[in-house]
Amino acid sequence: MAERVDVVVVGAGLAGLAAAWHLQKAGLDVVVCEAGNAVGGRVRTDVVDGFRLDRGFQVLLPAYPAVRALPGLRTLRLQPFTRGVVAVGPGGRSELVPPWRGRSSDLARFAMRHPRDAAALAAFSLRDAVAPAKVLRNLPQRSTAADLTISDDVVREVLRPLLAGVFLDRELQTSSRVFHLVWRSFLRGGGALPAAGMGALPHLLASRLQPTTVRYGAEVAELTTDGVLLRSRKKFDARAVVVATDGASAARLVPGVAAPRWHSVTTHYYRLAAPPPGADRNLLVDGENGLLLNTAVISNIAPGYAPPGEALIAASVPERLDDAVPESTVRERLSQMYGSSTRDWDLLTTYAIPHALPVMGPRHPLRKPVRLTAGRYVCGDHRDTSSVQGALVSGRRAATAVLRDLA
């Protein structure tokens, strides 16, 4: 006997949870079918020996409009990174922190060494920070590499390692329009981590749903004419089905949905007795070595990520799964970046994530259709931008389309 509901949402990632939340607010009876045993999709936090380890080095931008609109956002107790970035290049460390943050910085020396670059960076940063978002959405379609009117040295030492960590794109072929939209949020609010880990974000959305909405271990085998059929042979009949899985799974379930290409990442987590001397709440990027490491002392930013009296460091290498870098090589470079021996660092775990972010090429459409036919919808970061913002917005768009059709 099939269970009857108004809407079935397939997948309890950010997009699916956002869609379910908007649909339930409108009074519909919703079930979320989740194949796994927890919500979050690719946004998950594991707890290992008292350490909170995000699946891949993830950073939340609180200035994302969809994040600001979340119910109960304050309960995440966001812990901010220091605004700016520390770039480790051939000339040593450059701490590029806006002077209005009340900290010493190398920005003045950077501007003296690279006056044209500093002017170009300031010009597009000012535009991105203050212009309406629609101005950035209407920029020419080209790659970020082609868009940056900055010297090769500065791109190589600062922007390439930073953006490779954000988009997992070593060649900076990501759409420049996506770059400027993300840069806008970075300038407006910096980066942060929820006190209990990035996994707290989907759990916040799930907590706003009715208690039995999410069904775990409910893997959808196929979409039927009346709803969905699970691997367990249980059926849900529904007036609408929203496929909110990752892009590859959506392509298997829904004819006509193209599977995205993926950027990958490898993230190492280390436990230490104490943070390296002088380490702060900065993001460090490697502008000298081909690894393009992004690293941070996570427990300095969010103390709850580590047990009392211990420290946690994350280090990510973008897009090197096909040519795996030995962990010993990563450890050696970290020793140089932090100016401290890493021999006593205990490797907690390594996450090698082949499907970390969908590729967003130079001509990436900022929005793809979420309504396929009447009663069939698809959402996820592969339908908008590959980001928390994109996932949340696509879920809201899918819910809006469902409500319009069912009205």
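The name that an unreviewed UniProt entry assigns to the protein chain is NAD(P)/FAD-dependent oxidoreductase, with the source organism given as Actinophytocola glycyrrhizae.

(A) Inspection of the nonpolar core at higher detail. One finds Val7, Val9, Leu312 and Leu392 to be the most contacted residues of the largest nonpolar core, which totals 91 residues. Sort the elements by how many residues they give to this core and helix 13 (residues 388-406) lands first, with 8 residues. Those residues within four positions of valine 9 in sequence are excluded, and the remaining contacts are Gly16, Ala20, Leu23, Val30, Val31, Val32, Cys33, Val242 and Ala244.

(B) Expanded view of the pairing of strand 15 (residues 294-297). Side chains Asn294 and Ala296 of strand 15 all project onto a buried face; the interleaved residues Thr295 and Val297 project onto the opposite face, where all are buried too. Bridge count for strand 14 (residues 284-286) against strand 15 is 2 bridges, and the pairing is antiparallel. Its bridge partner being in strand 15, valine 285 is matched across the sheet by asparagine 294. As paired elements, strand 15 and strand 16 (residues 311-318) share 4 bridges and run antiparallel to each other. Within strand 16, the position partnered with threonine 295 by the bridge is alanine 315.

(C) Molecular detail of the packing of aromatic side chains. With the rule as written, the count across this model stands at 7 aromatic pairs. For the ring pair phenylalanine 179 and tryptophan 183, a centre distance of 5.6 Å and an interplane angle of 35° mean the geometry is tilted. In this pair, phenylalanine 179 and tryptophan 183 are both assigned in helix 8 (residues 176-189), 4 residues apart and thus about one turn of the helix distant. On the basis of relative accessibility, which here comes to 1%, the residue phenylalanine 179 falls in the buried class. Cluster of aromatic residues (ring-pair linked, three or more members): Phe124, Phe179, Trp183 and Phe186. Here the guanidinium or amino end of lysine 25 rests over the ring plane of tryptophan 21, the centre of that ring lying 4.1 Å away. In this structure, lysine 234 packs its charged tip against the face of phenylalanine 236, placed 4.9 Å from the ring centre.

(D) Representation of unusual backbone geometry in the model. Unlike most non-glycine residues, leucine 168 shows phi in positive territory, near 55°. Along the chain, the position of leucine 168 falls in the loop between helix 7 (152-167) and helix 8. Among the residues examined, leucine 168 registers a relative accessible area of 7% and is labelled buried.

(E) Layout of the environment of serine 387. Along the chain, the position of serine 387 falls in the loop between strand 19 (376-378) and helix 13. The exposure class assigned to serine 387 is buried, which follows from its relative accessible area of 12%. Sequence separation of serine 387 and threonine 342 is 45 residues, and the distance between their C-alpha atoms is 32 Å. Apart from the residues lying within four places of it in its own chain, the contact partners of serine 387 are Tyr64 and Asp381.

(F) Up close: the packing of helix 7 against helix 8. Contact pair helix 7 / helix 8: the axes reach a minimum separation of 12 Å and the direction vectors enclose 90°. By the angle between their axes, helix 7 is roughly perpendicular relative to helix 8. Counted together, Leu159, Leu162, Leu163, Val166 and Phe167 of helix 7 and Val178, Phe179, Val182 and Trp183 of helix 8 form the full contact between these two elements. Considering only residue class, the contact of helix 7 with helix 8 consists of 9 nonpolar, no polar and no charged.

The rules behind these values
Residues numbered from 1 in each chain as written. Predicted model: local features only at pLDDT ≥ 70, side-chain atom pairs only at ≥ 80, totals over all residues. Heavy atoms only, no water. Core = buried A, V, L, I, M, F, W, Y, C linked by side-chain atoms within 4.5 Å. Buried < 20%, exposed > 50% of the residue type's maximum accessible area, 1.4 Å probe, protein only. Helix = DSSP H or I, 4+ residues; strand = E, 2+ residues; numbered from the N terminus. Contact = heavy atoms within 4.5 Å. Pairing = 2+ DSSP bridges. Phe/Tyr/Trp six-rings, centres within 6.5 Å; stacked < 30°, edge-to-face > 60°. Lys NZ or Arg CZ within 6 Å of the ring centre and 35° of its normal. Axes fitted to C-alpha atoms, helices over the stretch in contact; angles between N-to-C directions. Parallel < 35°, antiparallel > 145°, perpendicular 65-115°, else oblique. Nonpolar A, V, L, I, M, F, W, Y, C, P; charged D, E, K, R; others polar.

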